[in-house]
Amino acid sequence: MYKLILLIFAGLLAACSSAPVVRQPLAIEQAGAADKDARKALRDGELLRAQHDFATALALQQSLDDTAGSATTMINLATVAHQLNDDRAALAWLDRILLEKEAIYPQQARLTAAFRKAVILADQARLGDADKALRFADKLCDRKCALNFGIDALRARLLLLNGDAQGALALAQAVGKQDGAGKAEQANALRIVAAAEDKLQRPTEALQHYQAALEMDKALALSERIGEDLNGLARASAQLGRDQEAAEYSRRAVLVNESRRQSDPVP
Amino acid sequence: MTLFDDKDERFKNLFGKTAVFVLLAALGMGLAFVLVGVKKGAFTAKSPIYFVADSGQDLSEGMPVKFSGFKIGKLDTLALDEQGRVQVEVDIESKYLRLIRQDAVMSLKKEGVIGDGILEISRGTEGKPALAAGGRVRFERASGLEQAVIEVKNRIMPILDDIHQTLHDPDGDVRQTLKNLRELSIEMRGTRERLDRVLGSLDTNLNNQVGPLLLSLRKSAANAETVTGKLDYELPVLLKKADSSMESLRAATETINHAVQRSAPQLPGMIDETRDTLGKTRKLIGDTQQAVDSLSTHWPLKSDTPPPDPGPVRMDSHD
């Protein structure tokens, strides 16, 4: 007991002897708290609450001339809007960074904004605009940034959407072999490889790569992509004349997509 | 001769009668010889076969030759050749030759343990050609009783020598074991004396202590009987009281039921109040969480909390 009291005293003495951290101004703390709340809400699937909290944080950051923080928050707002299927608002948020005439936002933020704009445009099948945004991102990245693999994967996807299956296949295969690409981008690359092979009438290879992508997507628990992989497997199996297998994959895809819709967080 | 003829009729043709008698006797004797000869195999066709023995010991002319327990021939001649080996000829009935193969072995055996010696020929290997008349076979002497005794002696004598040596070795295990046993028996005698003393002491203790213990146990049993008697008397009373308590419980349940029925109209309001209270509690928990979060950003806890994630939220090329 005596030793414990001595230990507590020593701890308190050490705490008092060190200088306390200077408290941030209230507005900065509030902005940080709002950002933190928004991220937590996004993790919990409460998209509208996340949107509200990010907007609060953005207002505070802009009032404090925190351009870097503002840019990050605007990208986050665009991402939340995209998840809410409000792509128009998402593109508007990204354009606020990209169309700024003065270079007030950091290059990394502009690069990220350009890449995400390209992704959203590709989803909307606006391939020309997507390609333009992607080229801008690639230019800013100069093959040195962390988004390099994502840019290549998206380029492969655009090539495939433009009908260049051979080019998409070569590019996606290169991305899939890069260890630094990350599991998600590797899975994306594999899916593009499989889709390109599907278009090139190589169902055996397509089946194999869809299977590999499915395994990776399962490990990442990405429900929507699992559904895509299963549909791809069904197509490839049907091309191979394995109707029974194709029916099974299709049924599994239906179940996955239905369950995903049911379990989607209410915005 | 005419004289007898003249006087007695029975002597008529005496010569003829005598001649017939002698002839019948000779004929009977001849027939007997023939039958004996047939029985002895004198008229059976025989074939000679030969073997070479290392010595003529236990071999003799006329010695029977057996095959599968049946006599099929006999030893005919024994002769010493120029190398000093014994050349033996046996006669085998020709009809049995086809049963004997060329690699058959002639063995000298005893009939029983101490019986006469016989020659026994084996069948040989199936598939080999049959032995021809005048052929040669291999000879061996089967180990007899004497040889078996010698073998046993040769095996047992070394063992007996070992045992003798082991028993008479002063440092050997047997002598040492006997010595230990002797010492053990002396110690056992002492142990027994001590054990006798302990048993005597135990007997005394049992007499002094177990007796009172049994007496106490008897008293306890008597007390238990008394308690049982009391229970017999009091248990019905207790059961009656339990019935009364159950009745009271039933009445209390009815009262509660009435009270619930009376307060039923007020329940929705109470539920609303409860819901409100729960909401306030939840808000309080949220505020507490907020307070904790806020506290975690201040000194001295701030240094232990992870910094907020500055980067944008995750989105890849396929989102």
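Residues numbered from 1 in each chain as written. Chains lettered and ligands numbered in written order. Predicted model: local features only at pLDDT ≥ 70, side-chain atom pairs only at ≥ 80, totals over all residues.

(A) Region of the structure containing the overall build of chain B. A count of helices and strands for chain B gives five helices and seven strands. Taken from the N to the C terminus, the helices and strands of chain B come in the order α-α-β-β-β-β-β-β-β-α-α-α. Split into buried and exposed, the 319 residues of chain B put 7% on the buried side. In chain B, of all internal contacts separated by at least 6 residues, the share reaching a separation of at least 24 is 56%. (Helix = DSSP H or I, 4+ residues; strand = E, 2+ residues; numbered from the N terminus. Buried ≥ 20, exposed ≤ 12 C-beta atoms within 10 Å, placed from the backbone. Contact = placed C-beta atoms within 7 Å.)

(B) Broad picture of the packing of helix H10 (residues 183-199) of chain A against helix H11 (residues 203-220) of chain A. All names here are of chain A. The geometry of H10 relative to H11 is characterised by a closest axis approach of 8 Å and an angle of 160° between their N-to-C directions. Judged by the inter-axis angle, H10 sits roughly antiparallel to H11. Relative to H11, H10 is oriented so that their crossing is left-handed. Contacts from Lys-183, Ala-184, Gln-186, Ala-187, Leu-190, Arg-191, Val-193, Ala-194, Glu-197 and Asp-198 of H10 reach H11 at Pro-203, Glu-205, Ala-206, His-209, Tyr-210, Ala-212, Ala-213, Met-216, Asp-217, Ala-219 and Leu-220. (Axes fitted to C-alpha atoms, helices over the stretch in contact; angles between N-to-C directions. Parallel < 35°, antiparallel > 145°, perpendicular 65-115°, else oblique. Left-handed = near helix turned anticlockwise from the far one by under 90°.)

(C) A look at the packing of helix H4 (residues 67-83) of chain A against helix H6 (residues 107-123) of chain A. Residues and elements named next belong to chain A. In contact at an axis separation of 10 Å, H4 and H6 are set at 10° when each is read in the N-to-C sense. The pairing of H4 with H6 is recorded here as roughly parallel in orientation. Residue-level contacts link Ala-68, Ala-71, Thr-72, Ile-75, Ala-78, Thr-79 and His-82 of H4 to Ala-109, Thr-112, Ala-113, Arg-116 and Ile-120 of H6. Its residues assigned to classes, the contact of H4 with H6 shows seven nonpolar, four polar and one charged. (Nonpolar A, V, L, I, M, F, W, Y, C, P; charged D, E, K, R; others polar.)

(D) Up close: the sheet that holds strand S3 (residues 70-80) of chain B. Residue and element names in this part refer to chain B. Strand order in this open sheet of seven strands is S1-S4-S3-S2-S6-S5-S7, and the pairing throughout is mixed. A single partner strand is all that each edge strand has here, and the edge strands are strand S1 (46-53) and strand S7 (138-141). Sheet twist, expressed as the mean angle between neighbouring strand axes with direction ignored, is 30°. Bridge count for S3 against strand S4 (residues 86-93) is seven bridges, and the pairing is antiparallel. Looking at the pairing, Ala-79 lines up with Gln-87 of S4. (Pairing = 2+ DSSP bridges.)

(E) Local environment of helix H5 (residues 87-98) of chain A. Here H5(A) is twelve residues long and its end C-alpha atoms lie 16 Å apart, about the 16 Å a rise of 1.5 Å per residue gives. The secondary structure elements touched by the buried residues of H5(A) are H4 and H6 of chain A. (Expected span 1.5 Å × (residues − 1).)

(F) Quick peek at the environment of Ser237(A). Residues and elements named next belong to chain A. Residue placement: Ser-237 occurs in helix H12 (residues 223-239). Residues Ser-237 and Tyr-249 lie twelve residues apart in sequence; the distance between their C-alpha atoms is 8.6 Å. For Ser-237, the contacting residues outside a window of four places in its chain are Leu-207, Arg-242, Glu-245, Ala-246 and Tyr-249.

(G) Quick look at helix H9 (residues 165-176) of chain A. Residue and element names in this part refer to chain A. The end-to-end C-alpha separation of H9 is 16 Å, in line with the 16 Å expected for twelve residues at 1.5 Å each. For H9, the set of buried residues is Ala-168, Leu-169, Leu-171, Ala-172, Val-175 and Gly-176. Packed against the buried residues of H9 are helix H8 (148-161) and H10.

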